[in-house]
Every structure is written in structure tokens, then in C-alpha cells.
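Listed below, chain by chain, are the residues.
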Amino acid sequence: MSPRVVGTVCGISAAVLFAGKAVLVRLAYSHGSGATDLLAWRMAWSLPCFALIATWYAHRDGAVARGDRIRLLLLGVLGYHVASWLDFSGLRFIDAALERVVLFIYPTVVVGLAMLRGKRGLDRNVFLALAATYGGILLTWGDRIQTANAVGVILVAASAVAFAVHLVLIEDVVKRVGSTRAMAIALIGAATTSGIHALLMEPQATLHPSAATLGFGAALALFATVIPVLLAGIALVHLGAARAAVLGTVAPALTALLGWMVLNEHLGALGWCGIVVTMIGALLISRPP
């Protein structure tokens, strides 16, 4: 197969797996798991995989500079511990489809931060993307108004902002060390602090997890973290950042479909319109000025 086909297959596969994360979390909640202990076990199961990846790169390319390593570990705490915990907590209040739509504000936040730093201006694409993204969120929220809680929307929006800040601050380090290696080191930092957080806040549930927490934590680690991260890295290499980002825009629709099939979460016409509009916003924001 050509590199473009390989990249496309990997990118779509990564999007499908990432889309299933919210569904797995909601299923875990229905079996009695909590946000903090579930996240800790997701990270615990992921940690050996990313430690092996980081070790392999260290043997192949040498050690990462101390300053870059510390920065990656700290930014991993922001992007994969704090952001994930806010997202998991929000999913206690809103369904999977709305969660994925709200998360899609993160590209607009990234561009907004770039504008503040003088790296991008308010061109037509940015204006239309902002209008589409936030308009789509309002449409989907309007469709879920009977079941959606404002607290959940705020928590997931805060998660998106935290992840966006992480992306902006980590960008120059990623250029030096590579995306997969940077991701592995960052997730090691997140796994460490997630475990400490869970032991402090939910010691009983963390040290004596239910079978559901262990099982769903392992599923989240394998199918919503390790495998899609590696697939997304392959897609990035073969397609470039812009094309890989476009493939990721299918995630809200995929999450809505999975929520309907697995959780019996039904979206009305207004909700589907909101998803489509948000996806258009993500496509617009990924285009160059």
C-alpha cells in the first residue's frame, strides 16, 4: 500500500478508537467506577507501554535533554492528567455525543492562543471556525437540554482548554524530540500524578478496585490511549499534520453513533446538525490562513 493509504487507514482507525473513549467511560460509570480511580487505572495500564516506547527511543537516539524531559513531564500532567480528569468528571453529567462536541473547542483555543502570541491573525477561516464550533455546541446542547447538565459542559470545556494550552506549550519540544517520544514521556508524568491523585482522594477504590474498574481501565488504556496514539503518530508521519487533523474531525459523529449503539443515547435532528456544524468548524480551523 502507498504511504498515503497507510496514513489514511491509521488516521481513521485512530479517530474511531479515540471516539470510543467517552462510551467506555460512561459504561464504567454504569458499573460503579469513579472518575479519579478509573483514570488512575487507565494510566497505570498505559504506563508500561509508554515506558517501553521512551526506553526504546533513548537506546536508539540517546537521552532527551534534561530541560526538555522535565518540561514534557510537567506538560503531560496538564494535558493528560488534569485535562483527562476534567473530561472524565464531565462525563458524569453529560452524554458521550455532547462531550465530544464540546471537546472540539480545543483547536479554536489553540488558534486563539496563537493569535495572542502574534503567530496568527483573525482571518476569515478563524472567524467562521469560531462561529461554527460554538454554534454547533449550542445546537447539540439544545438537543440535549433535558439531560445535559451545565456543570458537565463546563468541566469538559475546561478540559479542552487545558489540553489546548498543553499543545501550545509542548509544540517546540515535540519538534526537537518527535511526537511519539514526546507523548510517551508526557504520559509517564501524567500516569505518576494520576496515581498520586487517586491514592490521596480515593485510596480505597484505587487500592481495592472493582473488576469493572480494572477491566474498563485496561480497555481505555489499550483501545483509547496506546493503540490510537501510535496509529495517530503513523498517520502524522505519512500524511502530515493538516491531513491527519482533517481525519480527526470525524470523531464527534463517530462518538454519537457509538453512544447510540452501545449506550442507547439518541440524538435528535438538532443534535446532528450541531455535530456537523462543529465538524465544519474543525475543518476550517485546520486550514492555513
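Heads up: the structure comes first, above all this text.
How each quantity is defined
Residues numbered from 1 in each chain as written. Predicted model: local features only at pLDDT ≥ 70, side-chain atom pairs only at ≥ 80, totals over all residues. Heavy atoms only, no water. Helix = DSSP H or I, 4+ residues; strand = E, 2+ residues; numbered from the N terminus. Rg over C-alpha atoms; globule rule 2.2 N^0.38 Å. Buried < 20%, exposed > 50% of the residue type's maximum accessible area, 1.4 Å probe, protein only. Contact = heavy atoms within 4.5 Å. Areas by Shrake-Rupley, 256 points an atom, 1.4 Å probe, with all protein chains shown as cover. Lys, Arg positive; Asp, Glu negative; His and termini not counted. Charge placed at Lys NZ, Arg CZ, Asp CG, Glu CD. Axes fitted to C-alpha atoms, helices over the stretch in contact; angles between N-to-C directions. Parallel < 35°, antiparallel > 145°, perpendicular 65-115°, else oblique. Left-handed = near helix turned anticlockwise from the far one by under 90°. Phe/Tyr/Trp six-rings, centres within 6.5 Å; stacked < 30°, edge-to-face > 60°. Polar contact = N/O pair within 3.5 Å; in protein donor to acceptor, adjacent residues only side chain to side chain. Expected span 1.5 Å × (residues − 1). Bend = angle between axes of the 7 residues up to and from the residue. Disulfide = S-S within 2.5 Å.

Draft legend 1. Region of the structure containing the overall build of the chain. The helix and strand tally for the chain stands at 14 helices and 0 strands. Helices and strands in the chain line up, N terminus first, as α-α-α-α-α-α-α-α-α-α-α-α-α-α. By the compact-globule yardstick of 19 Å for 289 residues, the chain fits well, its C-alpha radius of gyration being 18 Å. Taken along the three principal axes of its C-alpha coordinates, the chain extends 50 × 45 × 40 Å. Counting across all 289 residues of the chain, residues that qualify as buried make up 47%. Considering only contacts within the chain whose residues lie at least 6 apart along the sequence, 90% involve residues at least 24 apart. Total accessible area computed for the chain in this model is approximately 13,300 Å², and 71% of it derives from carbon and sulfur atoms. Considering the chain, the positive charge centre built from 20 side chains and the negative charge centre built from 12 side chains are found 9 Å apart.

Draft legend 2. View of the packing of helix α2 (residues 21-30) against helix α3 (residues 35-61). The geometry of α2 relative to α3 is characterised by a closest axis approach of 11 Å and an angle of 125° between their N-to-C directions. Here α2 is positioned oblique relative to α3, judged by the angle of their axes. Considering the relative orientation of α2 and α3, their crossing is right-handed. Between α2 and α3, the residues in contact are K21, V25, A28 and Y29 and A35, L38 and R42, respectively.

Draft legend 3. Structural detail: the environment of I280. Within the element layout of this structure, I280 appears in helix α14 (residues 269-286). A relative accessible area of 42% means that I280 is categorised as partly exposed. Sequence separation between I280 and L128 is 152 residues, and the spatial gap between their C-alpha atoms is 9.2 Å.

Draft legend 4. Highlighting the packing of aromatic side chains. Within the structure shown, the criterion is met by 5 aromatic pairs. Measuring from ring centre to ring centre gives 6.0 Å for Y80 and F163, while their planes differ by 70°; the resulting arrangement is edge-to-face. With Y80 in helix α4 (residues 66-90) and F163 in helix α8 (residues 150-177), the pair connects residues that are 83 residues apart, well separated along the chain. With a relative accessible area of 13%, Y80 lands in the buried category. Residue F163 is classed as partly exposed on the basis of its relative accessible area, which comes to 23%. Here Y106 and F163 contribute two aromatic rings whose centre-to-centre distance is 5.4 Å and whose plane-to-plane angle is 80°, an arrangement assigned as edge-to-face.

Draft legend 5. Structural context of the side chain of T225. On the secondary structure map, T225 appears in helix α11 (residues 211-239). Judged by its relative accessible area of 4%, T225 is buried. From its side chain, T225 meets the backbone oxygen of L220 in a polar contact 2.9 Å long. If near-sequence neighbours (up to four positions away) are discounted, T225 is found in contact with R42, S46, F50 and L220.

Draft legend 6. Representation of the environment of L199 within the structure. Within the element layout of this structure, L199 appears in helix α9 (residues 179-201). In the structure, L199 is positioned 159 residues away from A40 in sequence and 8.9 Å away in space, judged by C-alpha atoms. Not counting chain neighbours up to four residues away, the residues in contact with L199 comprise T206 and L207.

Draft legend 7. The arrangement of α8 in detail. Taking 1.5 Å per residue, 28 residues should reach 40 Å; α8 reaches 39 Å between its end C-alpha atoms and fits that length. Its maximal kink placed at E171, α8 deviates by approximately 50°.

Draft legend 8. The arrangement of the environment of R42 in detail. Position of R42 among the secondary structure elements: in helix α3. Each C-alpha atom of the pair R42 and L222 lies 8.6 Å from the other, and the pair is 180 residues apart in sequence. Ignoring anything within four residues of it in the chain, the contact list for R42 reads K21, S84, F88, G217, L220, A221, A224 and T225.

Draft legend 9. The arrangement of α11 in detail. The terminal C-alpha atoms of α11 lie 40 Å apart, and with 29 residues this matches the ideal 42 Å at 1.5 Å per residue to within 8%. The largest bend in α11 comes to about 35°, at P228.

Draft legend 10. Up close: the state of the cysteines. Tallying each qualifying case throughout the model produces 0 disulfides. Cysteine C10 shares no disulfide, and the gap to the nearest cysteine sulfur, in C49, comes to 17 Å. Residue classification places C10 among the buried residues on the basis of a relative accessible area of 11%.

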